[in-house]
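Understanding the architecture of this molecule
Residues per chain, in single letters:
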Amino acid sequence: MIPLPKESNFDMLWRRYMKKEIFLSFRPNYFRPILYDMKKYEYRKRFCMEPTTAFLYLTAPLCQVIGIIELGVPIKTKEIIEKYPHESAIYKRIQHCIDVRELFAIPIESLQLYKEPISISTIKQLDPSFHVPRDYLVISNYKIIHDYLKKQEMYDIESVSY
């Protein structure tokens, strides 16, 4: 068996700082705290292990792509829980995440909203094979949709800046 070469410093930096682009599904009620700067992390059971640019899709009843959210490198929830006092609300929230196996806390870096949200029917007209993911999918696999989403006009102000 041939040993795999060790990852070079360049490769590690490339992987850490090149953002993967995904299509991310969100329930509207979980999105509101992000919109109002009340939420610093998104908690997920599985996620990309690098910084990510996500085209944000809000599920029913909206069924719209509303903007782009920049996410940092995921942190294991077990690694961050001890930073908080046991009686704090954030400690209890992270403990709940651990209990329900949401293993990753993904730092929310910024949010930009489209001036005009895009309906899922518009997306499906661009590529009828597209299906909304339950969690996320790599959007570069759908080039026409990716290019369309990238060209949309955004508001100038980022909604979140931690």
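Here is a short report on the structure shown in this document. (Residues numbered from 1 in each chain as written. Predicted model: local features only at pLDDT ≥ 70, side-chain atom pairs only at ≥ 80, totals over all residues. Heavy atoms only, no water.)

**Thoughts on a positive patch on the surface**
Stated precisely, the cut-off is as follows: Residues with no salt bridge and a relative accessible area higher than 30% make up the patches, which join like charges within 9 Å and nonpolar side chains (Val, Leu, Ile, Met, Phe, Trp, Tyr) within 5 Å. What sets the accessible areas is the Shrake-Rupley method with a 1.4 Å probe; for residues, cover comes only from the shown protein chains. By salt bridge we mean one thing: a side-chain nitrogen of Lys or Arg within 4 Å of a carboxyl oxygen of Asp or Glu. Residues scored as positive are Lys and Arg, those scored as negative are Asp and Glu, and His as well as the terminal groups of each chain are ignored. Charge coordinates come from a single atom per side chain, which is NZ of Lys, CZ of Arg, CG of Asp or CD of Glu. Each helix is a run of DSSP H or I of at least 4 residues and each strand a run of E of at least 2, with the numbering of both proceeding from the N terminus. Burial here depends on accessible area, computed with a 1.4 Å probe over protein chains only, as a share of the maximum for the residue type. Under 20% is buried, over 50% is exposed, and the range in between is partly exposed.
On the surface, a cluster of positive charge is made up of R27, K45, K78, R101 and R134. As for its placement among the helices and strands, R134 is situated in the loop between α5 (120–126) and β7 (136–138). According to the relative accessible area criterion, R134 is exposed, its value standing at 86%.

**Notes on the pattern of salt bridges**
Evaluation of the coordinates by the stated rule reveals 11 salt bridges. Among the ionic pairs, K39 bridges to E42, the shortest N-O distance being 2.7 Å. Of the two residues, K39 and E42, neither departs from the other in class, the shared state being buried. As a salt-bridge pair, E153 and K115 come within 3.1 Å of each other at their nearest N and O atoms. On the criterion of sequence distance, the pair formed by E153 in the segment after α6 (143–150) and K115 in strand β6 (residues 104–119) is long-range, its members being 38 residues apart.

**Considerations on helix α2 (residues 28–35)**
Which entries qualify depends on this criterion: To obtain the arc, one takes the directions from the helix axis to the C-beta atoms. Contacts: residue pairs with any heavy atoms within 4.5 Å of one another.
Of the positions making up α2, those classed as buried are P28, F31 and I34. Along the axis of α2, the buried residues cluster in a sector spanning 105°; they form a single face. Buried positions along α2 lie against β1 (20–26), β3 (52–58), β4 (64–71) and β6. Within two residues after α2, D37 carries a phi angle of roughly 60°, on the positive side.

**Here we look at the environment of F55**
Along the polypeptide, F55 turns up in strand β3. A relative accessible area of 0% places F55 in the buried class. With 94 residues separating them along the chain, F55 and L149 place their C-alpha atoms 7.6 Å apart. Contacts of F55, omitting those with residues within four sequence positions, involve E21, I22, F23, L24, V65, G67, I68, Y114, I139, H146, L149 and K150.

**Structural notes on unusual backbone geometry**
With omega at 10°, the peptide bond leading from A60 into P61 counts as cis. Phi is positive for D37, which is not a glycine, with a value near 60°. Since its relative accessible area comes to 41%, D37 is described here as partly exposed. Positioned with a positive phi, C63 is a non-glycine residue whose angle comes to about 55°.

**Topic: the packing of aromatic side chains**
To keep things clear, this is the line we draw: Any pair of Phe, Tyr and Trp rings, taking the six-membered ring for Trp, is counted once the centres come within 6.5 Å. Such a pair is stacked with planes under 30 degrees apart, edge-to-face with planes over 60 apart, and tilted for the rest. Geometrically, a charge over a ring is one whose NZ (Lys) or CZ (Arg) sits within 6 Å of the ring centre while staying within 35 degrees of the ring normal.
Here the structure, examined in full by the defined rule, presents five aromatic pairs. An aromatic cluster is present here, built from F23, Y57, F130 and Y142 joined pairwise through their rings. Between R44 and the ring centre of F26, over which it is positioned, the NZ or CZ distance is 5.2 Å.

**Considerations on the pairing of β4**
Successive residues of a regular strand alternate their side chains across the two faces of the sheet. Note the threshold: Note: two strands are recorded as paired if DSSP finds a minimum of 2 bridges between them.
A large share of β4 lies buried, amounting to six of its eight residues. Pairing between β3 and β4: seven bridges, direction antiparallel. Bridging across to β4, F55 finds its partner in I68. Linking β3 back to β4 in an antiparallel pair, the connection comprises five residues, with C63 at a positive phi of about 55°.

**Topic: the nonpolar core**
Rules: Buried Ala, Val, Leu, Ile, Met, Phe, Trp, Tyr and Cys residues that are joined via side-chain atoms within 4.5 Å together make up what is termed a nonpolar core.
Of all hydrophobic cores here, the largest spans 18 residues; its most connected members are L24, F31, F47, L56, I69 and L71. At the level of secondary structure, the elements contributing two or more residues to this core comprise β1, α2, β3, β4 and β6. The element best represented in this core is β6, accounting for four residues. Beyond its immediate sequence surroundings of up to four residues, L24 is in contact with R44, F47, A54, F55, L56, Y57, I69, L71, D135 and Y136. In terms of nonpolar packing, the next biggest core, distinct from the first, is built from 16 residues, Y57, Y114, I145 and L149 among them.

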